[in-house]
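Structural overview
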Amino acid sequence: MKYIKNSFLIEKVNLQKLTKKFETPLYCYSYEKLKHNINNFKLNFKSFSPLICFALKANSNLKIIKEIKKLGLGADVVSKGELMKALKAGVNSKKIVYSGVGKTSSELSYAIDKKILLINSESRSEVLEIEKLAKSKKKIVDIGIRLNPNTDAKTLSQISTGKKENKFGVNEKTFIELVNYIKKSKYINLKCLSVHIGSQIINHKPYEKMLRVIDKLIRKINYKFEFIDLGGGMGISYQESKKKLNYKKYSHAVKKLLKKHDCKIIFEPGRSIIGNTGILVSKVIYIKENQTKNFIILDAAMNDFMRPALYGAKHRIIPLNRKREISKKTYEFVGPICETTDKFLTINKFQKLNEKDLVIICDVGAYGSSLSSNYNLRTKPVEILVKGSKISVVKKRQKLKDLV
Ligand code: LLP
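All values derive from a computational prediction rather than experimental measurement. (Residues numbered from 1 in each chain as written. Predicted model: local features only at pLDDT ≥ 70, side-chain atom pairs only at ≥ 80, totals over all residues. Heavy atoms only, no water.)

**Here's the deal with helix H5 (residues 105–113)**
What counts is decided by this rule: Only protein chains enter the accessibility calculation, which uses a 1.4 Å probe; a residue whose area is less than 20% of its type maximum is buried, one above 50% is exposed, and one in between is partly exposed. Runs of E in the DSSP output that reach at least two residues are strands. Runs of H or I that reach at least four are helices, and both are numbered from the N terminus.
Looking only at H5, the buried set comprises Glu107, Leu108, Ser109, Tyr110, Ala111 and Ile112. At the exit of H5 stands Lys115, carrying a positive phi of roughly 50 degrees.

Okay, here's the thing in structure tokens:
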């Protein structure tokens, strides 16, 4: 993705032309970037070749998951819908892990029937439910228990999951009780200790702390796990200048743990695989001026892309066609939805914009389309995957007639 002269290219495709054909708002992904991210992820942890399960919640587009699967990844799912999608994309069930605090009995039953690698359980009640189902099906089910390591991930509070006040996982005391209980069970087999402390983590220290907690606990209970599932959470830089996660240090810390406890590592990355592969192209509908601000009213809104409204997340906005003339005004980029939080970003010194100009909202591949909704009865955007000069529509634009 780059400008050549003043036009924006995704691989070999001119975005202006693409937009003419498919209109806006439009999600567009680069296959090359996806492949690059996956290869990089593998390279970062090469020394212990983990099982990498892509977190479908970050992007659950069937055709994209198929590509991710072809590049060798498994899947991390959190609902029956995601599990069905992963299987439909051809992901091997022995490369699927299932997390979530509230899996229903019917969801668990489906996962058991599909013989997935692990159900990562998050409570005593859930373990008992799995045991009950396994007994009725006369099966032995492989499970993990998710530990809440009470570790601050130093990320946005809304996407932090590893502190004791968060609803995720079980505390150390319950963990130990469950290990002892499962040891005696004829129907469940404890294979994994899992954790996930949060998302958009760019400091390796919380990961180091989490690993120390795991090490201490395993030594205390003296149990041989076949897998340790470290979750995902690896952050990306949404602002070019921002700090990046030090993968070398994270990998080093994991290796240290593996020296003491030999087992297979599982990761569940979402954002780091897909985040920077996607952009959202949008057209300026109107420009509305008042004394202090210019509102740039876009045809994309919080229903298409929720992160700024939901978390105050800042995503770069850049022009699709670059021009020289810079505006002296402050632009607030907003959507047409009837909510004050329906805004993307406030920018000073953007290039001078006119109505009908096109802009690009960057790094929306993760938690973009997957968090979109039909709020205000707006249709969801078309999604395009670019591979070299090849364009595939990976999701059609919704039609109003299906909503009305
Ligand atoms: N594994 C589990 C158990 C998770 O809960 C999550 C994310 C992941 C893996 C993947 O995390 P990632 O590698 O993508 O950080 N909607 C929010 C992010 C919510 C993340 C929820 N769990 C956002 O847009 O920032």
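Moving on from the model shown.
**Quick look at the site of the ligand**
Selection criterion: A single heavy atom is enough: if one lies within 4 Å of a molecule or strand, its residue is considered near that molecule or strand. For the purposes of these results, a polar contact is taken to be a pair of N or O atoms within 3.5 Å, where, inside protein, one atom must be able to donate a hydrogen and its partner to accept one; residues adjacent in sequence count only when each atom of the pair is a side-chain atom. Cavity: a set of points on a 1 Å grid over the protein atoms alone where a 1.4 Å probe fits but cannot get out. Pocket: an open set with protein on both sides within 12 Å along at least five of seven lines, its lining residues, like those of a cavity, having an atom within 4 Å of a point. Whether a molecule sits in a cavity or pocket is decided by its atoms, more than half of which must lie within 2 Å of the grid points. Side-chain classes follow a simple rule in which Ala, Val, Leu, Ile, Met, Phe, Trp, Tyr, Cys and Pro form the nonpolar group, Asp, Glu, Lys and Arg form the charged group, and the remainder, Gly included, forms the polar group. Boundary definitions for the domains trace back to an automatic or database domain assignment.
The full set close to the ligand counts 19 residues, and Ser199, Glu268, Arg307, Tyr311 and Tyr367 are the nearest of them. For the ligand, a nitrogen atom lies 3.3 Å from a polar atom in the side chain of Asp76. Residue Arg271 places a side-chain N or O atom 2.8 Å away from an oxygen atom belonging to the ligand. When each cavity is represented as a set of grid points, the ligand is found to reside in the second largest pocket. Across the shell around the ligand, the residue classes tally to 6 nonpolar, 7 polar and 6 charged. There are two domains that each give the shell around the ligand at least three residues, and those are domain 1 (2–29 + 275–403) and domain 2 (100–267).

**Regarding the domain arrangement of the chain**
The condition is simple: The criterion used for residue contact is that any of the two residues' heavy atoms lie within 4.5 Å. By definition, the buried area sums, over both parts, the 1.4 Å-probe accessible area that each loses when the two are put together. A pairing counts as a salt bridge when a side-chain nitrogen of Lys or Arg comes within 4 Å of a carboxyl oxygen of Asp or Glu.
Each assigned domain of the chain is listed here: domain 1 (2–29 + 275–403) and domain 2 (100–267). With centres defined by C-alpha atoms, the gap from domain 1 to domain 2 works out at 36 Å. Counting residues at the interface gives 10 residues for domain 1, matched by 9 residues for domain 2. Between domain 1 and domain 2, roughly 830 Å² of surface is buried when both sides are summed, and carbon and sulfur atoms account for 53% of that area. If you look at where domain 1 meets domain 2, you find 0 salt bridges. The tally of links from domain 1 across to domain 2 stands at 0 residue pairs in polar contact (both at pLDDT 80 or more).

**Here we look at the pattern of salt bridges**
In the structure shown here, the tally under the stated rule is 22 salt bridges. Here Lys329 ties to Glu289 by a salt bridge, and the two come within 3.3 Å at their closest N and O atoms. Here Lys329 is found in the loop between strand E15 (317–319) and strand E16 (330–334), whereas its partner Glu289 is found in strand E13 (residues 278–289), with 40 residues between them in sequence. Between Asp304 and Arg378 there is a salt bridge, with the nearest N and O atoms lying 2.9 Å from each other. Taken together, the residues Asp304 in the loop between strand E14 (294–298) and helix H11 (307–311) and Arg378 in the loop between strand E18 (358–361) and strand E19 (382–387) connect sequence positions 74 residues apart. For the pair Asp304 and Arg378, a shared accessibility class is recorded, and that class is buried.

**Remarks on the side chain of Ser109**
Relative to the elements of secondary structure, Ser109 occurs in helix H5. Judged by its relative accessible area of 17%, Ser109 is buried. Contact partners of Ser109, with chain neighbours within four places excluded, come to Leu133 and Lys137.

**Observations regarding the nonpolar core**
Our working definition: By nonpolar core we mean a set of buried residues, namely Ala, Val, Leu, Ile, Met, Phe, Trp, Tyr and Cys, connected to one another through side-chain atoms within 4.5 Å.
The biggest cluster of nonpolar side chains holds 97 residues, and the ones touching the most others in it are Phe175, Ile214, Leu230, Tyr250 and Phe333. The element that contributes the greatest number of residues to this core is helix H8 (residues 204–221), accounting for 8 residues. Formed jointly, this core draws a minimum of three residues from each of two domains, domain 1 (2–29 + 275–403) and domain 2 (100–267). Grouped together as the second largest cluster of nonpolar side chains are 19 residues, Leu15, Phe22, Ile318 and Val382 included.

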